[in-house]
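# Architecture at a glance
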Amino acid sequence: NTVKPDTLPKAENGAPSEITLDNFEDLSAISKNDDSTHFTIFGYARSKMTDAELRHMVSKTLTCRIDKRENCSEKMEEFLKRCFYHSGQYDSEENFMELDKKLKQHEGSRVSNRLFYLSIPPNIFLDVVKCASKSASSMNGWTRVIVEKPFGRDSESSAALTRGLKQYLVEDQIFRIDHYLGKELVENLSVLRFSNLVFEPLWSRQYIRNVQLIFSEDFGTEGRGGYFDGYGIIRDIMQNHLLQILALFAMETPISLEAEDIRNEKVKVLRSMKPLQLEDVVMGQYKSHTKGGMTYPGYTDDKTVPKDSVTPTFAAAALFINNARWDGVPFLMKAGKALHTKRAEIRVQFRHVPGNLYKGSFGTDLDRATNELVIRVQPDEAIYLKINNKIPGLGMRLDRSNLNLHYAARYSKEIPDAYERLLLDAIEGERRLFIRSDELDAAWSLFTPLLKELEEKRIAPELYPYGSRGPVGAHYLAAKYNVRWGDLS
Ligand code: BG6
């Protein structure tokens, strides 16, 4: 991604000034006017591969979503021509120097901006960042690094990783990606809340009974057991994806939509929460199940998973935010693999209507009469509000109905993938949807004591059949706080 040299601040001798950590921010502004025709993608890994082989590999999953009037195959061909490959070791400065040389050939005399995307295990992050920053960072544009989770396993390892990264990069060069923040409906959370008068006044303990953050997948850890066993569902989904949604949901109104203002508010929410207690968590692990003549394997049937593994593939937890807005409101999280369905949603259950005139119409089950706002993040994106309505007719019978915003029916445009949005943001230097290091520290402090206790005591998870609704313990946990899971009622 390159810009023309004459747009750069000039040093006294007229040459582009050297880019230091202090002025690279000015340069990111320049990148917005860049010339995107000078753009290349390099794959870098240890395996040997030619450019043609890489292009072939990419072409197998490349899709085309341009205006149908344009020629897709031409566009794809054009894209593939920009893809190259360089084989090298992760800890070899020499190999990164070779990469630098190739990059320079493509950049020519233009100013270059370089974005490194590290989709690698955390134990080699530092080697790569060291080599890339020493031998392959841009000399006249910006250099940024996107890092994928897991950012460590607990507070200590995450802090060590951050310290390590900061030897070579400043915080503004580091883009910690959490792809759930790039999902359309998660981005929309603030719009829904802050641009509609009907929601924001209700957004507190005064009207909200509980909030549920639900993630479920209808497949197991197939093929990823080796990685997963070292992390478990709490680190894989709750500590990042669900907690990030919670922070966005519960934050106070930021003073602006600027990245720092939003991240300041998110971090305050995380710091207002108390670390998760063992008694507020239920863990499960899926076991083999036969249905319709098919046998689905259990988690420990995976050859890369130890037979006696106690790693949870399901967890439910109750968290609380100790501030004036949310005091006493349970935020229930539930995340699991190999469940009956694939779904990610936020459910907001409102309080009972005081002195409800229609109380009699709901029998003894008053909970069924409360409003519920559902934000379905995926699949089939939707926002709907459950309300009580009179069934048309001469009598007075009430019914629960949905005010429904169904994205597929309302919007004809395809929803971009979370990674599309986030990659573009990183290129444009937009940090709003990336995790700052203090957010990360706060997130780990909520889960680290529990994770340590679980590992020390080797607490066995409750087994649940593949394809089921998960362990029954999740219901007891919710019932302890007078909650009923909205996705099961
Ligand atoms: C990843 C987790 O971060 O998110 C995976 O490591 C999970 O275990 C995935 O399957 C889910 O992402 P999505 O976008 O498919 O819901």
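Report follows, based on the coordinates. (Residues numbered from 1 in each chain as written. Predicted model: local features only at pLDDT ≥ 70, side-chain atom pairs only at ≥ 80, totals over all residues. Heavy atoms only, no water.)

### Brief notes about the overall build of the protein chain
Each helix and strand in the protein chain was counted, giving 14 helices and 19 strands. Over its C-alpha atoms the protein chain spans a radius of gyration of 25 Å, differing by no more than 12% from the 23 Å that the globule rule assigns to 489 residues. Its C-alpha atoms put the protein chain at 85 × 55 × 45 Å along the principal axes. The 489 residues of the protein chain split such that 49% are buried. Counting contacts in the protein chain only where the partners sit at least 6 residues apart, residues at least 24 apart contribute 76% of the total. With an accessible surface of roughly 24000 Å², the protein chain has 53% of that area assigned to carbon and sulfur atoms. The centroid of the 67 positive side-chain charges in the protein chain is displaced by 5 Å from the centroid of its 68 negative side-chain charges. (Helix = DSSP H or I, 4+ residues; strand = E, 2+ residues; numbered from the N terminus. Rg over C-alpha atoms; globule rule 2.2 N^0.38 Å. Buried < 20%, exposed > 50% of the residue type's maximum accessible area, 1.4 Å probe, protein only. Contact = heavy atoms within 4.5 Å. Areas by Shrake-Rupley, 256 points an atom, 1.4 Å probe, with all protein chains shown as cover. Lys, Arg positive; Asp, Glu negative; His and termini not counted. Charge placed at Lys NZ, Arg CZ, Asp CG, Glu CD.)

### Things to note about the pairing of strand E3 (residues 83-87)
Of all five residues that make up E3, five are buried, and the element is covered over most of its length. Along E3, one buried face is formed by Cys83, Tyr85 and Ser87 and the opposite face, lined by Phe84 and His86, is buried too. In this structure, strand E2 (residues 41-45) lies alongside E3, joined through five bridges in parallel fashion. Residue pairing for E3: isoleucine 41 is matched across the bridge by cysteine 83. (Pairing = 2+ DSSP bridges.)

### Quick notes on the environment of methionine 76
Looking at the secondary structure, you find methionine 76 in helix H3 (residues 72-80). A sequence separation of 17 residues divides methionine 76 from serine 59, and the C-alpha atoms of the two residues are 8.0 Å apart. Residue contacts for methionine 76: discarding those within four places in its chain leaves Leu62, Thr63 and Cys64.

### Focus on helix H7 (residues 184-194)
Spacing of three or four residues puts side chains on the same side of an α-helix, whose turn is 3.6 residues. For H7, the set of buried residues is Leu185, Val186, Asn188, Leu189, Ser190, Leu192 and Arg193. Looking at the buried residues of H7, the elements they touch are helix H9 (232-250), strand E14 (343-350), strand E15 (372-378), strand E16 (382-390) and helix H11 (407-410).

### Quick word on the sheet that holds strand E13 (residues 331-336)
Two pairing modes exist for strands in a sheet, parallel and antiparallel, and in both the strands are linked by backbone hydrogen bonds. One open sheet holds the nine strands; their spatial order is E17-E16-E15-E14-E8-E13-E12-E9-E19, and the pairing between them is mixed. Because the sheet does not close on itself, it has two edges, and the strands there are strand E17 (398-406) and strand E19 (462-465). Across the sheet, the mean angle from the axis of one strand to that of its neighbour is 20°, orientation sign disregarded. Relative to E13, strand E12 (residues 314-319) runs antiparallel, the two being bridged by six bridges. By the bridge assignment for E13, leucine 319 is matched with phenylalanine 331. (Axes fitted to C-alpha atoms, helices over the stretch in contact; angles between N-to-C directions.)

### Topic: the site of the ligand
Taken together, the residues surrounding the ligand are Lys149, His179, Tyr180, Lys183, Glu217, Arg224, Asp236, His241, Lys337, Lys342 and Gln378. Residue tyrosine 180 places a side-chain N or O atom 2.4 Å away from an oxygen atom belonging to the ligand. One nitrogen or oxygen atom from the side chain of aspartate 236 is found 2.6 Å from an oxygen atom belonging to the ligand. Relative to its unbound accessible area of 400 Å², the ligand is 78% covered by the protein chains. (Near = heavy atom within 4 Å. Polar contact = N/O pair within 3.5 Å; in protein donor to acceptor, adjacent residues only side chain to side chain.)

### Focus on the packing of helix H10 (residues 259-271) against helix H13 (residues 437-457)
Running from N to C, H10 and H13 point in directions that differ by 15°, and their axes come no closer than 9 Å. When the interaxial angle is binned, H10 and H13 end up roughly parallel. Helix-helix and strand crossings are classified by hand; for H10 and H13 the assignment is left-handed. For the pair H10 and H13, the contacting residues are Arg263, Lys266, Val267, Leu270 and Arg271 in the first and Asp438, Glu439, Ala442, Ala443 and Leu446 in the second. Looking at the contact of H10 with H13 residue by residue, the class counts come to five nonpolar, no polar and five charged. (Parallel < 35°, antiparallel > 145°, perpendicular 65-115°, else oblique. Left-handed = near helix turned anticlockwise from the far one by under 90°. Nonpolar A, V, L, I, M, F, W, Y, C, P; charged D, E, K, R; others polar.)

### Comments concerning the packing of helix H5 (residues 125-135) against helix H6 (residues 155-168)
Contact pair H5 / H6: the axes reach a minimum separation of 9 Å and the direction vectors enclose 10°. Between H5 and H6, the crossing angle belongs to the class labelled roughly parallel. Here H5 contributes Phe125, Leu126, Val129, Lys130 and Ser133 to the contact with H6, which in turn contributes Leu161, Gly164, Leu165 and Tyr168.

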